[in-house]
Amino acid sequence: MDKLPWIILSAGDNVAVATAAIAPGSTVAGIETREKIDPGHKVAIADIPLGAAVVKYGQAIGRTTADVKAGDHVHSHNLHFENDRLAATANSAPEMATSEDRARTFMGYRRADGRAATRNYIGIIASVNCSTTVCRAIADEANRTILPHYEGIDGFVPIVHDQGCGMSSTGDGMNVLHRTLAGYTRHVNFGGVLMIGLGCEVNQLTLYGQSGAGASKRHFNIQDAGGSRRAVERAMGMLREIAADVGKETRVPMSIGEIIIGLQCGGSDGFSGITANPALGVAADLLAAAGGTAILSETSEIYGAEHLLRSRAVNDEVANKLDEKIAWWEDYVALHGASLDNNPSPGNKRGGLTTILEKSLGAVAKGGRSPLTAVYGYAERVTAPGLVFMDTPGYDPVSATGQVAGGANMIAFTTGRGSCFGCRPAPSLKLSSNSALYASMEEDMDIDCGTIATGDATISGKGREIFELIVDTASGKKTKSELFGYGDNEFVPWHLGATL
């Protein structure tokens, strides 16, 4: 039987999604198309009157701005955002995990405090923008002169940013920056850390503990070292001592229940919620069943689907915390004269996504079907197992930075348009939502999920493929992003508060 070039995602939907280009006059679900429908885009499978809800995934994604006839292309020209929610249906069970799944192990690094690492980096962390250049120079010199002597060290990573001064020493901005940097200084994938300040900044090194407090954690100011060049020379001496300690680490077997993975999507398209996101959701369910942790984030990109996530909360406290995050975002965007529906980018819309409701319904699929066990603020330390939620913006580098600061030792990133990303010290897997993207950017994509749309793979089967790659990557297999060298420039803490 020939494969159909379209799919209906739920019995209650009044649109179908094209999985391949559909010519005018083609038959879709018994109706004749009235115009060309591009892959990832929607076609009406029933008449939809002006002002009526357009339904996809069994949920409203907006209302029509004109009468839509069966066979019409449904997109920005005849569909707009309306803050509708349809009742959440009963939650289906998560992907079934076997006893073998739960008993799986990976080869990781056991830190002195008992935590499990998937990589063994040494971090060079800037406390302020003013020490960025010196941190990069230190990392470059260490990678050139020290790294060749230690096969067990993955590299020296500069963690630099544009904050740390010209800001209030109190309030949300400073609290978020401090929490984020503190999360990186203690990140399990950093076997050692050297933090570099300038000396006169608002974000003082004293906020992060005393210099020399541990053999593998040090810090100093450039001004105290006698300038930039002398700071590099001083750092080399410290890093040789740190490397001598960190380089002794070896991988040992440990439970996959110690994997903490951040779930991300960027450059989404009309296939993202059909292929890559639900497949990643299956992998997240399997990991959660084995005692691991999956962090769903991007609050502005679950907007419109938060009621579905809320219905899976393990108790009222967790559900209410999610409600509070949504309410804060509604106030936040209103304060700046914006709307959460401004979120779908031009690339998202070219890929077939029309409203934030539609984008969010697909984005939530990354979280699978496991119960929601906890809700965290940005960059807060994640301690609960299972599926958890962290409040972050939808902007990928900012969101992933918060997840890593919270303890994610891996990232899984779905994309439909071709986002390029890395997030050292956490390895980042890239999952393409369509096969055309995988074929054109194969050196950036780790898995092709587009085979789900063509009928050559199932969501469950592809989810297990992702699960296996998560385990292999945690054990040391390099991701495409790591092989290219991504990860030094994607550290972007959430910037809140006034610049003074």
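Before reading on, note that the structure itself is shown above.
A quick note: this is a predicted structure, and the numbers were derived from the prediction, not measured.

Scoring rules and cut-offs
- Residues numbered from 1 in each chain as written.
- Predicted model: local features only at pLDDT ≥ 70, side-chain atom pairs only at ≥ 80, totals over all residues.
- Heavy atoms only, no water.
- 1 Å grid on protein atoms, 1.4 Å probe; cavity = no way out; pocket = protein on both sides within 12 Å on 5 of 7 lines; lining within 4 Å.
- Points joined across faces, edges and corners; volume = space filled by probe spheres on them.
- Helix = DSSP H or I, 4+ residues; strand = E, 2+ residues; numbered from the N terminus.
- Nonpolar A, V, L, I, M, F, W, Y, C, P; charged D, E, K, R; others polar.
- Phe/Tyr/Trp six-rings, centres within 6.5 Å; stacked < 30°, edge-to-face > 60°.
- Buried < 20%, exposed > 50% of the residue type's maximum accessible area, 1.4 Å probe, protein only.
- Lys NZ or Arg CZ within 6 Å of the ring centre and 35° of its normal.
- Pairing = 2+ DSSP bridges.
- Axes fitted to C-alpha atoms, helices over the stretch in contact; angles between N-to-C directions.
- Contact = heavy atoms within 4.5 Å.
- Salt bridge = Lys/Arg side-chain N within 4 Å of Asp/Glu carboxyl O.

*Asks:* Can you explain empty space enclosed by the protein? Please cite residues and give values.
*Replies:* For the structure shown, the criterion picks out one cavity of 30 Å³ or more. Computed from the structure, the largest cavity encloses a volume of approximately 60 Å³. Along the walls of the largest cavity sit Tyr57, Cys265, Ser268, Asp269, Ser272, Gly273, Asn277, Leu353, Glu358, Lys359, Gly362 and Ala363, which together make up its complete lining. Per-element accounting of the lining of the largest cavity gives the leading share, four residues, to helix H10 (residues 356–363). When the residues that make up the lining of the largest cavity are grouped by side-chain class, the tally is four nonpolar, five polar and three charged.

*Asks:* Give me the packing of aromatic side chains: which residues, what numbers.
*Replies:* Enumeration over the complete set of coordinates arrives at nine aromatic pairs. Note on tyrosine 184 and phenylalanine 491: the rings are 4.6 Å apart at their centroids and 75° apart in plane angle, and the pair reads as edge-to-face. Of this pair, tyrosine 184 sits in helix H3 (residues 172–185) while phenylalanine 491 sits in the segment after helix H14 (480–484), and the two are 307 residues apart along the sequence. By the burial criterion, tyrosine 184 is buried, and phenylalanine 491 matches it. Here a set of aromatic residues connected by ring pairs shows up, and it is made of Trp328, Trp329, Tyr332, Tyr378 and Trp494. Over the ring of phenylalanine 413 we find lysine 430; its NZ or CZ atom is 4.9 Å from the centre of that ring.

*Asks:* Explain the pairing of strand E2 (residues 15–18) to me, and be specific about the residues and the numbers.
*Replies:* Judged by which residues are buried, E2 turns out to be covered on both faces: Val15 and Val17 on one side and Ala16 and Ala18 on the other are all buried. Both strand E1 (residues 6–7) and E2 contribute to a ladder of two bridges, which runs antiparallel. Within E2, the residue paired with isoleucine 7 across the bridge is valine 17. Here E2 pairs with strand E5 (residues 42–44) via three bridges, running antiparallel. The residue bridging valine 15 from the neighbouring strand is alanine 44, located in E5.

*Asks:* Before we move on, could you go through the sheet that holds strand E12 (residues 121–126) and cite the residues and values that matter?
*Replies:* As summarised here, the arrangement of the four strands in space is E13-E12-E14-E15, forming an open sheet in which the pairing is parallel. Edge positions in the sheet fall to strand E13 (155–159) and strand E15 (217–221), since each has one partner strand and no second. Taking the axes of each pair of neighbouring strands and ignoring which way they run, one obtains an average angle of 15° across the sheet. Both E12 and strand E14 (residues 190–197) contribute to a ladder of six bridges, which runs parallel. Paired with isoleucine 125 across the bridge in E14 is methionine 195. Against the sheet, helix H2 (residues 132–145) contacts E12, E13 and E14, and its axis sits at roughly 175° relative to E13.

*Asks:* Please provide a residue-by-residue account of the pattern of salt bridges, values included.
*Replies:* When the charged atoms of two side chains lie near each other, side chains of opposite charge can form a pair. The tally for this structure, following the rule as stated, stands at 18 salt bridges. The closest approach of N and O atoms between glutamate 358 and lysine 42, which form a salt bridge, is 3.1 Å. Here glutamate 358, found in helix H10, pairs with lysine 42, found in strand E5; they are 316 residues apart in sequence, far enough to count as distant. On the basis of relative accessible area, glutamate 358 is assigned to the buried category, the value being 1%. What makes lysine 42 buried here is its relative accessible area of 0%. The network of salt bridges with common partners includes Lys42, Lys56 and Glu358.

*Asks:* Outline unusual backbone geometry, listing residues and values.
*Replies:* Generally, phi is negative for residues other than glycine and the peptide bonds are trans, each holding for most cases. With omega at 15°, the peptide bond leading from arginine 424 into proline 425 counts as cis. Tracing the sequence through the fold places proline 425 in the loop between strand E21 (410–415) and strand E22 (428–432). Positioned with a positive phi, alanine 379 is a non-glycine residue whose angle comes to about 65°. Looking at the element boundaries, alanine 379 is found in the loop between strand E19 (372–376) and strand E20 (386–390). Taking the relative accessible area as the measure of exposure, alanine 379 reaches 0% and is therefore buried.

Everything listed here is a matter of geometry and, on its own, says nothing about what the molecule does.
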